[in-house]
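# Structural features, examined
Letter by letter, the chains look like this.
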Amino acid sequence: MPDRTRNHECQAHWSGRDVWHGHGLDPADGLHRLSQECLDEIDAALDLLARNPLPVLALDPDEFSMPACRAAMAAVRRELDHGRGFVIIDRLDPEAMDAGQMTAVYWLLARMVGRPVAQKWSDGRLLYDVTDLGRPSGNGVRPDVTNEEQSFHTDNSYNLCAPDHVGLLCRQPAMEGGMSRVVSMKAVANRMAEEHPDLMGRLYRPYYFDRQREHADGDVRYVANPVLSDDDGALRVRVSRNLIYQGYRLAGVEVDDESEAALAAWFSIVDDPRMYVEFVFRPGQIQFLNNRAFGHKRTAFRDWPEDSRKRHLVRVWLRDRGRRFYNG
């Protein structure tokens, strides 16, 4: 396998506000409530749009007077980059806004946090619907469009230039299940270095990942990325257990014993309930997450029988580096 990274051991012990264990967090940690000033600005923006309609993707925060929202989203960005790494914004009012209005406000707030980038190679879509399409996950079917339980992962770990931040708007939760979980990968890396120092170095060498058919016809169907890397002096995590196994199958290579042992050790720590925080998404809430050093997942769920009530999140990927194309 090509090795595009240095084969080095884990850096010094990670510390800081972004190194936390879920059992040690207060239920209010990460929750940012929108101020009345923000809500008033949002109402004014919606009034302006009602009189001057524009497509959602054409909306530019610079064309709206929203200083309180800008200050709030600047604080969100600081929390993502220098704080606990995740924020739950509580919340847009689903009783006062229809789905289109909620998505428009979400887009404006997300653009105040970072620059949206393409989420699919085929059409470059900037807003992505996360809802069950009734098909099992596999090559070309992302787990986010199923009702299956996901493993802890970082978004787009199989791409050349993954997003730095992820946003999710909850338009409709599931009837049952679908719990969201977030974990500090630096805290996981600390435990990994302490409990499995002999396997830590393997995570800094590439694994094969399934590219999920997000590429041109005839292009290679897998990519080799390390799970852990030193990215401009900071930890970068790229991990999706299912996509790694699928990548090895596509490459026609068996996962060797050391590689499997390192993955098993890593996920035994990630899946420890003491490590992660768990919450239920409420309609109108928005989650922003640092995708460089934090993992997330969703538990399996059972949907409402009515199509209009199916679980539905809207996702953005944010990255200020490179180009907005899917491959950066």
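Report on the accompanying structure. (Residues numbered from 1 in each chain as written. Predicted model: local features only at pLDDT ≥ 70, side-chain atom pairs only at ≥ 80, totals over all residues. Heavy atoms only, no water.)

So, about the pattern of salt bridges. For the coordinates displayed, the defined rule picks out 30 salt bridges. Here D219 ties to R211 by a salt bridge, and the two come within 3.2 Å at their closest N and O atoms. A residue is classified by how much of its surface remains accessible, and R211, at 7% relative accessible area, is buried. Linked by salt bridges that have partners in common, D164, D231, R236, R292 and R321 make up one network. (Salt bridge = Lys/Arg side-chain N within 4 Å of Asp/Glu carboxyl O. Buried < 20%, exposed > 50% of the residue type's maximum accessible area, 1.4 Å probe, protein only.)

Here the structure, examined in full by the defined rule, presents one cavity of 30 Å³ or more. The space that makes up the largest cavity amounts to roughly 390 Å³. Considering the residues around the largest cavity, the lining is formed by 28 residues, among which D144, Q150, H153, D155 and H296 are closest to the centre. Elements represented by at least two residues in the lining of the largest cavity include exactly β7 (180-184), α6 (241-251), β14 (294-298) and β16 (312-318). Considering only residue class, the lining of the largest cavity consists of eight nonpolar, 12 polar and eight charged. (1 Å grid on protein atoms, 1.4 Å probe; cavity = no way out; pocket = protein on both sides within 12 Å on 5 of 7 lines; lining within 4 Å. Points joined across faces, edges and corners; volume = space filled by probe spheres on them. Helix = DSSP H or I, 4+ residues; strand = E, 2+ residues; numbered from the N terminus. Nonpolar A, V, L, I, M, F, W, Y, C, P; charged D, E, K, R; others polar.)

For the rest of this paragraph, the subject is the pairing of strand β2 (residues 86-90). The buried fraction of β2 is high, at five of five residues. Neither face of β2 is open: one carries F86, I88 and D90, the other V87 and I89, and all of them are buried. Bridging between strand β1 (residues 31-33) and β2 involves three bridges; their strand directions are parallel. Residue R33 lies in a different strand from β2, and its bridge partner there is D90. Bridge count for β2 against strand β13 (residues 286-290) is four bridges, and the pairing is antiparallel. Bridging from a neighbouring strand, I88 pairs with Q287 of β13. (Pairing = 2+ DSSP bridges.)

This part covers helix α3 (residues 99-113). When the terminal C-alpha atoms of α3 are compared, their 21 Å separation across 15 residues agrees well with the 21 Å that a helix rising 1.5 Å per residue should span. Of all 15 residues that make up α3, 11 are buried, and the element is covered over most of its length. Along α3, the residues classified as buried are M102, T103, A104, V105, Y106, W107, L108, L109, A110, M112 and V113. In the core, the buried residues of α3 are packed alongside α1 (36-51), α2 (67-82), β3 (116-117), β5 (165-172), β13 and β16. Taking the backbone nitrogen of G100 as reference, a side-chain oxygen 3.1 Å away marks D98 as the first, capping residue of α3. (Expected span 1.5 Å × (residues − 1). Contact = heavy atoms within 4.5 Å. Polar contact = N/O pair within 3.5 Å; in protein donor to acceptor, adjacent residues only side chain to side chain.)

Turning our attention to the side chain of D210. Take D210: it is sitting in strand β8 (residues 206-210). With no salt bridge to any partner, buried D210 finds its closest opposite charge in R221, at an N-O distance of 6.3 Å. Here the side chain of D210 touches Q212 through a polar contact of 2.8 Å, landing on its backbone nitrogen. In terms of polar contacts, D210 uses its side chain to reach the side chain of Q246, at 2.7 Å. Non-local contacts of D210, meaning those with residues more than four positions away in its chain, are made with N139, Y158, R221, L243, Q246, G247 and L250. (Lys, Arg positive; Asp, Glu negative; His and termini not counted.)

The next thing to look at is helix α4 (residues 185-195). Extensive coverage of α4 is indicated by the burial of eight of its 11 residues. What α4 keeps buried is the set M185, K186, A187, V188, A189, N190, R191 and M192. Looking at the packing, one finds that the buried side of α4 touches β7, α5 (197-200), β11 (234-237), α7 (257-270) and β14.

This part is about the packing of aromatic side chains. This structure, assessed with the given rule, holds seven aromatic pairs. Taken together, a centroid distance of 6.4 Å and an interplanar angle of 70 degrees make the contact between Y207 and Y248 edge-to-face. You can see Y207 sitting in strand β8 and its partner Y248 sitting in helix α6, a full 41 residues away along the chain. You can call Y248 buried: its relative accessible area is 3%. With a centroid separation of 5.3 Å and 80 degrees between ring planes, the pair formed by Y208 and Y222 is classed as edge-to-face. Residue Y208 is located in strand β8, and its partner Y222 is located in strand β9 (residues 222-226); the two are separated by 14 residues in the primary sequence. (Phe/Tyr/Trp six-rings, centres within 6.5 Å; stacked < 30°, edge-to-face > 60°.)

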